[in-house]
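Letter by letter, the chains look like this.
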Amino acid sequence: MGWDYAAFRAELDAHYQRGPADISALDEAVERRCGAHPEWLPWQRKAALYEVAASLAEPVVFAQCPFFYELDLGRHRREWGFGGLGSWLRRSPEGRALEQRAAAWKVPYQTLVLFNGQSDVDLDHHTIGYDNLFREGLNGRIARAERRLRDELDDAERAFLEAVIAGCRALNTLAGRFAQRARAMADEQPDADVRRNLTLLAEAASVVPAEPPRTYHQGLSAILFVREAVGSLEGMAVSTLGMVDRLCGPLLAADLAAGRLTLDEAYDLTRAWLAICDAKFGSEAFDAASEPGDHVETSTTVFIGGCDAAGAPVYNQVTRLILRAYGELRLLNPKLQARFSPGAPEAYRRDVAEFMALGTNALCVYNDEVVIAANVATGKALEDCRLYVGGGCQENILQNCEIHNRASMFFSLPRVLEATLYPERWAEFCAGEAIELVNGAEATDFGGLYQAFLANLHTIVGQLVARRNVGEADGWRYNPCPLHSATLDDCIDRARDVVAGGARYSSGAVDLCGMGTVVDSLFALKTVVFDEGKLPLAQMLSILADDWAGEEPLRQYVLHRVAKFGGADVAAAEFARQAFADIAAASSGFPNSRGGHYQASLFAHRQFMALAPWVMATPDGRRSGDPLSPGMGPSLLALSDRCDLGQVLDAIEPLDLTAYPVVAVLDLKLPAQSRADHIDAVIQRFLSVGGSVLQLNVVDQQTLQDAVTHPERHPDLIVRISGYSAYFTKLPAEVQAEVMARTQVG
């Protein structure tokens, strides 16, 4: 194939530096069509948008790229959904009014910095039903919708199904236009390698996504094009490329057996396909013109390993090609996620460990036993749960049949502890929300205080979800997604939009931040105030209100003499086990507006830092404004800058992380000289103790420090943050400091 990586990146960069396309003519065309029919339902308006896009969009074909995806519909290069033509309904006066109404309820919660969140409907973190594309193609989905239209339906159901058909036909038309343009370019192209790229592209666009892919190249093309098209046309982002080795492995095997493709050619295709993400988003390495803080979020994942719907482990040539490409190109994105199922082949374990030993720090590990069991426990079918992926970062979603509201409600657990201990400070909030909190400051024993905290957590989360449900329930009015719905199980059969609850499963998440901080704080109160009786509760609360001023001896006692989660103390470990279970129960099970329920999550992204400045001093010895504990892990107060690996993993073992079906993330830092066999041993131990998701950084503290002082010496130093990887030298100073402060285990 002779793929030229440098020319490929230069071509994409030249295009995207021009900025988003002017779509005013397309907006006006949609406005004219919809303005002539004020009686139209939202799905009829969305169908008009699809039809305008199919006729007026100008697909962009890149000569150096053998794949098609860029519709040039007004999205910024660093956007994976949300804007452009697809957001027309949200940008309309009616849509803006609905979104503003949905935002108004957040004011009292955000004034108290109880949570950080996004849109009530979560415009991000979603998945396509890729298996349905591979089984039926869009023509098969059109046929399903046409059969369903023969049934007795109401006006809304009929409008939805007609929009499903319009959306699928629009994508088929756009793919045909890509094919036509690529053929015309190939006819004028003197370079044989470029001509072959264009011919391949045209052949694929003539088949997919209308029909199921028949070759490896067509499979990759279908995934990429539909993902990007949905992001451009729906105003809602698809944040995963799915389980690519499971989907495309059989296609590659058939190509190799038939002699249609060599392994070297397959590798070139794999490299080009994966490299599009970093090239499109401009995630280039550090250079003199770059400023700190230039990290680019892509919200795009790709999965390897795991298992199929029957539970058989997945590992094939595609798995190996993907790992090889990441190692060679040192890609940041798509975010590489490695699933581990029971019985994962030894070769898979070795390949992943050897890749991680390279120090690229661009991969995280999922434990299938925990994640699948956690989802099954919520009432989902085992076969569906086995096909989970992570949408955006690590928040899991079932690939073909689920919509979720996963990473849009990052909730501050320490603030609930404050509300429990200082309820008078929350009186105005409680009156406005018509809720009552239990006064934990009046507790005469620890059991009373602990139950007050759990009761208040349940009350506040319940009210927060109830408020959110109002905006979520309006989602179909200002951002219906019939094209997205077309790919997912049950939406067509139910004749209902995914945004309105048409998918098989509709879930939400309460992303709990500061778990380790709260567990240690509660245990400190139990130990110091109630068990040892060193001081009364009222005095401790006064000390905390003054940020430990004048009480350094007591603070040092709490820091160094009171056991914490992550240590070896048996009583503290048992308390942590109980607290993890109780907090999950108190924050789970609330119904959403789509017929599903909210689930507990210990995916905190960067919010354990973002929420921290508004959290007062805590009983674990933390000062006001200091960082909260990350994810499901122990706080930095519980661990020194170095500790024994076994100590951290032993702390996980008593916990039942299946109570956190959205995932529970643990961050660890290993020395740069770690060998592959050591890394494999760490992963296997993590899996055996029942961990959920593991983020590893294989890097030395000295290297990080030198990169801060001399960034020009480390242009391609990559670190894993919370749900993404980034060039260390491009991170803001506070994020660099957090990475450096993480405990190094060995």
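This write-up is about the structure you can find in this document. As the structure is a prediction and not an experimental result, all values here were calculated from the model.

**As for the overall build of the chain**
- When helices and strands are tallied, the chain shows 31 helices and 17 strands.
- Over its C-alpha trace the chain gives a radius of gyration of 26 Å, about what one expects of a compact globule, namely 27 Å for 746 residues.
- With respect to the principal axes defined by its C-alpha atoms, the chain has extents near 85 × 60 × 50 Å.
- Residue burial in the chain is summarised as follows: out of 746 residues, 64% are buried.

**Structural notes on the packing of aromatic side chains**
- Taken as a whole and assessed by the stated rule, the structure comprises 27 aromatic pairs.
- An aromatic cluster of at least three residues, connected via ring pairs, comprises Trp 105, Tyr 109, Phe 115, Trp 426 and Phe 429.
- Taking the ring centre of Phe 281 as reference, the NZ or CZ of Lys 280 above it sits at 4.6 Å.
- Sitting over the ring of Tyr 388, Arg 339 keeps its end group 3.9 Å from the ring centre.

**Here's the deal with the side chain of Gln 463**
- Counting through the fold element by element, Gln 463 comes out in helix α19 (residues 446–473).
- If sequence neighbours within four positions are ignored, Gln 463 has contacts with Tyr 109, Glu 433 and Ile 435.

**Observations regarding empty space enclosed by the protein**
- Summed over the entire model, instances satisfying the criterion amount to 4 cavities of 30 Å³ or more.
- The calculated volume of the largest cavity comes to roughly 70 Å³.
- Leu 224, Arg 227, Glu 228, Leu 241, Trp 273, Ile 276, Cys 277, Lys 280, Phe 281 and Pro 334 together form the lining of the largest cavity.
- Sorting the residues of the lining of the largest cavity by element identifies α10 (216–234) and α12 (263–281) as the ones contributing at least two each.

**Notes on the packing of α10 against α12**
- Here α10 crosses α12 at 15°, and the two axes come no closer than 10 Å. Judged on the interaxial angle alone, α12 and α10 are roughly parallel. Judged by the sense of rotation from one axis to the other, the crossing of α10 with α12 is right-handed. For the pair formed by α10 and α12, the contact residues are Tyr 216, His 217, Leu 220, Ile 223, Leu 224 and Glu 228 on the first element and Ala 266, Leu 269, Thr 270, Trp 273, Ile 276 and Lys 280 on the second.

**Considering the pattern of salt bridges**
- Inspection of every chain in the model, using the stated rule, returns 42 salt bridges.
- Measuring nitrogen to oxygen at the nearest pair gives 3.0 Å for the salt bridge that ties Arg 467 to Glu 433. Here Arg 467 is found in helix α19, whereas its partner Glu 433 is found in helix α18 (residues 427–433), with 34 residues between them in sequence.
- When salt bridges with common partners are traced through the structure, they connect Asp 384, Asp 489, Asp 490, Arg 494 and Arg 504 into a single cluster.

Rules behind the numbers
- Residues numbered from 1 in each chain as written.
- Predicted model: local features only at pLDDT ≥ 70, side-chain atom pairs only at ≥ 80, totals over all residues.
- Heavy atoms only, no water.
- Helix = DSSP H or I, 4+ residues; strand = E, 2+ residues; numbered from the N terminus.
- Rg over C-alpha atoms; globule rule 2.2 N^0.38 Å.
- Buried < 20%, exposed > 50% of the residue type's maximum accessible area, 1.4 Å probe, protein only.
- Phe/Tyr/Trp six-rings, centres within 6.5 Å; stacked < 30°, edge-to-face > 60°.
- Lys NZ or Arg CZ within 6 Å of the ring centre and 35° of its normal.
- Contact = heavy atoms within 4.5 Å.
- 1 Å grid on protein atoms, 1.4 Å probe; cavity = no way out; pocket = protein on both sides within 12 Å on 5 of 7 lines; lining within 4 Å.
- Points joined across faces, edges and corners; volume = space filled by probe spheres on them.
- Axes fitted to C-alpha atoms, helices over the stretch in contact; angles between N-to-C directions.
- Parallel < 35°, antiparallel > 145°, perpendicular 65-115°, else oblique.
- Left-handed = near helix turned anticlockwise from the far one by under 90°.
- Salt bridge = Lys/Arg side-chain N within 4 Å of Asp/Glu carboxyl O.

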